[in-house]
Amino acid sequence: MNTPQRFIPNLLIFNTITNVICRYYFFPIFVEQLLYLFMQEPKQHIIKSALKLFLQKSLKAVTLRDIIKESGFSNGTFYYYFKTKQELFKEVANYYWDEIINPPFIFDKNLTLLDFIQGALNQTKNFFENMKSDIVPKDENINFYSFISEANRTIPGFREKTYKTQEEGLKIWTTIIENAKQTGEINSTIKSEDIAELFFTISFGHTITNDFRQPSSNITIYEQSCKDLTKQWMQLYDLLKPV
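Rules of the game
Residues numbered from 1 in each chain as written. Predicted model: local features only at pLDDT ≥ 70, side-chain atom pairs only at ≥ 80, totals over all residues. Heavy atoms only, no water. Helix = DSSP H or I, 4+ residues; strand = E, 2+ residues; numbered from the N terminus. Buried < 20%, exposed > 50% of the residue type's maximum accessible area, 1.4 Å probe, protein only. Contact = heavy atoms within 4.5 Å. Areas by Shrake-Rupley, 256 points an atom, 1.4 Å probe, with all protein chains shown as cover. pLDDT = per-residue confidence, 0-100. Core = buried A, V, L, I, M, F, W, Y, C linked by side-chain atoms within 4.5 Å. Salt bridge = Lys/Arg side-chain N within 4 Å of Asp/Glu carboxyl O.

Asker: Before we move on, can you summarise the overall build of the protein with the specific residues and values?
Answerer: Summing up its helical and strand segments, the protein has 10 helices and 0 strands in all. Listed N to C, the secondary structure of the protein is α-α-α-α-α-α-α-α-α-α in terms of helices and strands. Counting all 243 residues of the protein, 36% fall into the buried class. For the protein, restricting intrachain contacts to residue pairs at least 6 apart in sequence, the fraction spanning at least 24 positions comes to 74%. Surface exposure of the protein reaches about 15200 Å², of which carbon and sulfur atoms provide 57%.

See below:
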């Protein structure tokens, strides 16, 4: 009879603890996820909240407490999806690079160089508009280049991913420029690959420059960057046109 007497109290204690955990831990998580299901998927919301912070401060400077506070979720919901800050940073960097910087697009090799430039500029403007409306409403202290550099240093395989994307982009520019030469749209003895590098480097340079721009009351960093990029790309295009 001693064994059943010892078993029953232990079972009652176990049931009590289980009920408390389910009521005060798992149930709030379930409710949070249910509520955000009608807004956006919880994991995606956490990633976007973290991206906003990582674009303003370094990986070291951003704490898990900062991210949890920014997301609006409880600790339990956050740790349901991410166990460490490095794990989250990897997800954030991949989301930023794959979905924001390099969204899938259909490449038409028959475009004129001018049309291709206009399309690339529109894509850049859309990128900044999406960032401003969905990720970072204010444009001060947005460090795109620093964020990508940190991802290259700390995430295995990320540098190779960015390099591959840049190589693919250069090939597309080169194809368009070579076609423009053949149709007489432009006239230059410079190799098509080198011209593509020039367009690409101008764009890349603006990414770095944005880290050092100061916000203006008259024009945002995003708008100034698009304005300068448009000016410099069109100046290069004019230099390539037949005299």
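Asker: How would you summarise the confidence of the model for the protein if you had to cite specific residues and measurements?
Answerer: Overall, the prediction assigns the protein a mean pLDDT of 79, with 72% of residues at 70 or greater. The low-confidence segment residues 1-33, where pLDDT is below 50, has 15 contacts with residues more than four positions distant or belonging to other chains. pLDDT under 50 marks residues 35-39. Its contacts with residues more than four places away, or in other chains, come to 6 contacts.

Asker: Please provide a residue-by-residue account of the nonpolar core, values included.
Answerer: Core analysis: the largest hydrophobic core is formed by 35 residues, its most contacted members being Phe54, Ile67, Leu88, Tyr96, Phe144 and Phe147. Elements represented by at least two residues in this core include exactly helix H2 (42-54), helix H3 (64-71), helix H4 (75-81), helix H5 (85-101), helix H6 (113-135), helix H7 (144-154) and helix H10 (221-240). Residue contributions to this core peak at 8 residues, all from H5. Leaving out residues up to four positions away in the same chain, Ile67 has contacts with Ile46, Ala50, Leu53, Phe54, Val62, Phe78 and Leu88. Counting residues in each nonpolar core, the second largest holds 20 residues, with Trp173, Ile176, Ile195 and Leu240 among its members.

Asker: For the pattern of salt bridges, give the residues involved together with the corresponding values.
Answerer: A complete count under the given rule lists 5 salt bridges for this structure. Across the pair Asp66 and Lys57 runs a salt bridge, and its minimum N-O distance is 3.8 Å.

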